[in-house]
There are 2 protein chains.
Amino acid sequence: MRGTAEFIFTGDELLRGDTINTNQAYLGEGLLDVGVFPTHALTVTDDREAIAAAIGTALERRPDVLLISGGLGPTEDDLTREAVGDALGRSLVHREDLLDQIRARFAQLGIPMGDSNRKQALIPDGSTPMPFSGTAPGFWLIEGDTLLAALPGVPRELRQMWTDTLRPLVLTHLRGHENDETGVVVRRLRVHGMGESTLAEVLRDIPWRGSGVDVGTRAALDGITVILRAQPDPAARIRLARMEEQIRDILGTKIYGTGDDDLAAVVGSLLRDRGLTVATAESCTGGLLAKRLTDTPGSSDYFVGGVVAYSDALKTSLLGVDPALLAAHGSVSQEVARAMVEGVRDRLGADCALSTTGIAGPGGGHPDKPVGLVYVGAAIGAQVQVRRFTLFRTRDEIRERTAQAAFDILRRGLLDPLDK
Amino acid sequence: MRGTAEFIFTGDELLRGDTINTNQAYLGEGLLDVGVFPTHALTVTDDREAIAAAIGTALERRPDVLLISGGLGPTEDDLTREAVGDALGRSLVHREDLLDQIRARFAQLGIPMGDSNRKQALIPDGSTPMPFSGTAPGFWLIEGDTLLAALPGVPRELRQMWTDTLRPLVLTHLRGHENDETGVVVRRLRVHGMGESTLAEVLRDIPWRGSGVDVGTRAALDGITVILRAQPDPAARIRLARMEEQIRDILGTKIYGTGDDDLAAVVGSLLRDRGLTVATAESCTGGLLAKRLTDTPGSSDYFVGGVVAYSDALKTSLLGVDPALLAAHGSVSQEVARAMVEGVRDRLGADCALSTTGIAGPGGGHPDKPVGLVYVGAAIGAQVQVRRFTLFRTRDEIRERTAQAAFDILRRGLLDPLDK
């Protein structure tokens, strides 16, 4: 790795469990992308001495970058400015230009500025303020070989400050005492339809040791992500590209996207490219398919609408499912999933359709139809297929996995209409 | 506060941003509930020396509890056992009984146990193993005045070990060198329909300084939570109860629940209590209302179903909205929201109904109908009301806030049918 970084997060809300720290993952990923590897991330209580001591301890390890987040607000619990001053033996200076900017910000929001906000115009002597989108200016300074920067704790403000100001600063700082190579290359491949252990076996056959490329996987409800990371060196990058090719050869269409691609959005793009529309008929997913499809802006181009038919009566009245079919097979059955998907396709006049019916639990299971039994129907024009799944764990997980399975069936059908 | 705690989390995945650390918030909340306040939470890279150094530094501050999470797996990056041994000058001992349990666990999962798993049967000399649900035994020991415990990093396994074994241990440990008072009392009040600044003004009038009660707020998409925390002393607890009463007097039905109550589930309980059913007709929320209602197990008792009518044609064919109305007022209008809610109530045969139509963005805005303009319709029997909202920020936020607003209108209507 090329550089090292440490984080200090202030805020009792993070220690008490009121707030989950999402800034750590965000900054960690951002630093890694510019070739800096974080080694320590400390969350410390809102105590001036404790924060100053933490800064001192971190600086002793001489990281290239030390980021402090939080504690730049106007309250008496906001102590980062003071603690940085204490740790470095620097006084705080009042910056009238910052105060003007803070005032302007309040005026813009139409809120009167309180007296307490005046202290947000203080920064440590010799530091440089960073442009801010909230009311908390950040600042940075060089101490020894370390670039020390203080950022607000509000994720939106922190992210903007990172992107606009701090990321370029980190790159410049590192260039100052090393060569000009850019950072670690990260490649994420999103996979559906494969267990983590099977995938691990596939990856085990790829000779990654000593290649300068790290391979890892992350399993989540939306599938598995393969993460490839190449050290900042051209040879490692070439090897990464080759490994990605190898993995793609093996996994084929099991890879549905890269980076943060969302499966529902991938399906949406395929539909848009082909000029097709889709409708949904949901029982156990209760609106989740429609919600996921419409998470994407512009989804009205291909999503016409959907029906959540939770009761049997509505399966008949809204989707035209024959009551005799419901009586003969029960609502959680291959036959009803098929009738639902055909019904919604025809009644809503869509080219494609998806249906779900199952038992999401925790109640409602029977010995022959246990919790987790789910049927998913998919129609592409006149082609209809229904698949049966047995899913595990919580209601949420069963519903999320059902949605992913449904989207993936449609995705594969659109990629290869004959692949049934 | 009665006791202090520190956390050490191991795992490069937490520093690289591959995984968000949810264990910190979980353990923080759990410790606070037994009267222990965490002061430091360090995430440290998978390096034996760095982890051992972190343990040493933490012990120097003499916390009552030191929890280490992660690094108990079978891989060469799993170094917590070794690092604890190094930091405390204790050797690792092999426990055949633990190996038997690990073997049994693999047999139960139907997976062959690898050789690497043998090292999971090692624990530091003088420590006690903790029962485990995965394949990683935890362990605990007393060092000086500190209860040191090592837990797996997998959230499900960590949570079970905390609940079943560690929480009782922490209580016993604290009782050992202090009196028997139980922990901090935390009370969370969930509020909808009030801005954070207005709420802050209300809370400012309550004399909490020196009362032994902390008052804070947390704003999120689902509203604001007022958090009251009483020190572990009987007088503070009585004051907390009085303050809660005061706050309830002022906020009235703006408080929709306590703890982690979900507004959609609260509405569901009200419907069930009254023997009423509900249906949804969604445009801009695209299935989110139905999804939220069906997140709750047993929601089929009151939720009959819903329609996502994204296109104008479906608003007419599925909900019976008059095309003339759509032509005259546009789909984002008070008139259409009313027609949608009446249509879905009648066609799906529900007692109550909700409808949404609006512009969630980022595209689709016009000068007279900007992004964030939303109409919500609510019907309770023949009583219908439609409200207009102007919401901000991202598509996600606009949709989530619309859903909360819709549920709250129905909730208030059910509490007081005359309050229109």
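Note that the structure is predicted; figures quoted are calculated from it, not measured.

**Quick look at the interface of chain A and chain B**
Here is step 1 of the chain: Opposite the 63 residues of chain A that make contact, chain B presents 64 residues.
Here is step 2 of the chain: Together chain A and chain B conceal approximately 5000 Å² of surface at their shared face, both sides included; 54% is due to carbon and sulfur atoms.
Here is step 3 of the chain: Counting every contact that joins chain A to chain B gives 8 salt bridges.
Here is step 4 of the chain: Salt-bridge contacts for B:R399 lead to A:D295; the nearest nitrogen and oxygen are separated by 2.8 Å.
Here is step 5 of the chain: Of the residues forming the side of chain A that touches chain B, the biggest block, 8 residues, is contributed by strand 2 (residues 36-44) of chain A.
Here is step 6 of the chain: Classifying every residue of the side of chain A that touches chain B gives 25 nonpolar, 21 polar and 17 charged.
Here is step 7 of the chain: Bridge count for strand 14 (residues 303-309) of chain A against strand 14 (residues 303-309) of chain B is 5 bridges, and the pairing is antiparallel. Paired with A:G305 across the strands is B:A309, a residue of strand 14 of chain B.

**Topic: helix 4 (residues 80-88) of chain A**
Within an α-helix, residues lying three or four positions from one another point in the same direction, as the helix has 3.6 residues per turn.
All names here are of chain A.
Here is step 1 of the chain: Within helix 4, 7 of the 9 residues are buried, which leaves the element mostly enclosed by the surrounding structure.
Here is step 2 of the chain: Those residues of helix 4 lying buried are T80, R81, E82, A83, V84, G85 and L88.
Here is step 3 of the chain: G89 sits one or two residues past helix 4 and shows a positive phi near 65 degrees.

**Regarding the relation of the copies chain A and chain B**
Here is step 1 of the chain: Turning chain A through 180 degrees and shifting it by 0.1 Å along the axis lays it on chain B, with an RMSD of 0.2 Å. Taken together, the rotation angle and the small translation identify this as a two-fold axis.
Here is step 2 of the chain: Looking at the interface residues of chain A, 100% of them are also at the interface in chain B, so both copies use one shared face.

**A word on the confidence of the model for chain A**
Residues and elements named next belong to chain A.
Here is step 1 of the chain: Confidence in the prediction of chain A, expressed as mean pLDDT, is 90, and 96% of residues score 70 or more.
Here is step 2 of the chain: With pLDDT under 50 throughout, residues 177-181 is counted as low confidence; its partners more than four residues away or in other chains account for 9 contacts.
Here is step 3 of the chain: The ipTM value of the predicted complex is 0.75, and its pTM value is 0.76.

**Points about the sheet that holds strand 9 (residues 185-191) of chain A**
Residues and elements named next belong to chain A.
Here is step 1 of the chain: Pairing is antiparallel across the open sheet formed by 4 strands, whose spatial order is 10-11-9-12. Among the strands making up the open sheet, the edge pair consists of strand 10 (213-220) and strand 12 (255-258). Taken over all neighbouring pairs, the strand axes of this sheet differ in orientation by 25 degrees on average, direction set aside.
Here is step 2 of the chain: The sheet strands contacting helix 8 (residues 234-251) are strand 9, strand 10, strand 11 (223-230) and strand 12, and the helix crosses strand 9 at an angle near 5 degrees.

**Section: unusual backbone geometry**
Here is step 1 of the chain: A:P362 follows A:G361 through a cis peptide bond whose omega is 0 degrees.
Here is step 2 of the chain: Locating A:P362 in the fold gives a position in the loop between strand 15 (352-358) and strand 16 (373-380).
Here is step 3 of the chain: Residue A:R393 is not a glycine yet carries a positive backbone phi of 75 degrees.
Here is step 4 of the chain: Positionally, A:R393 belongs in the loop between strand 17 (383-390) and helix 14 (395-415).
Here is step 5 of the chain: The phi dihedral of B:R62 is positive, around 50 degrees, even though this residue is not glycine.
Here is step 6 of the chain: The residue B:R62 is located in the loop between helix 3 (48-60) and strand 3 (65-69) in this model.
Here is step 7 of the chain: The exposed category is assigned to B:R62, whose relative accessible area is 58%.

**Looking at the environment of B:G298**
Here is step 1 of the chain: Looking at where B:G298 falls in the secondary structure, it is placed in the loop between helix 10 (288-294) and strand 14.
Here is step 2 of the chain: The sequence separation of B:G298 and B:R175 amounts to 123 residues, and the corresponding C-alpha distance is 42 Å.

**As for the environment of B:V267**
Residue and element names in this part refer to chain B.
Here is step 1 of the chain: Following the sequence through the fold, V267 ends up in helix 9 (residues 263-274).
Here is step 2 of the chain: A relative accessible area of 1% places V267 in the buried class.
Here is step 3 of the chain: Expressed as a C-alpha distance, the spacing of V267 and I55, which sit 212 residues apart in the sequence, is 48 Å.
Here is step 4 of the chain: Apart from residues lying up to four places away in sequence, V267 is in contact with F407, L410, R411 and L414.

Reading guide: rules and limits
Residues numbered from 1 in each chain as written. Chains lettered and ligands numbered in written order. Predicted model: local features only at pLDDT ≥ 70, side-chain atom pairs only at ≥ 80, totals over all residues. Heavy atoms only, no water. Contact = heavy atoms within 4.5 Å. Buried area = accessible area lost by both parts, 1.4 Å probe. Salt bridge = Lys/Arg side-chain N within 4 Å of Asp/Glu carboxyl O. Helix = DSSP H or I, 4+ residues; strand = E, 2+ residues; numbered from the N terminus. Nonpolar A, V, L, I, M, F, W, Y, C, P; charged D, E, K, R; others polar. Pairing = 2+ DSSP bridges. Buried < 20%, exposed > 50% of the residue type's maximum accessible area, 1.4 Å probe, protein only. Least-squares fit on C-alpha atoms with pLDDT ≥ 70 in both. pLDDT = per-residue confidence, 0-100. Axes fitted to C-alpha atoms, helices over the stretch in contact; angles between N-to-C directions.

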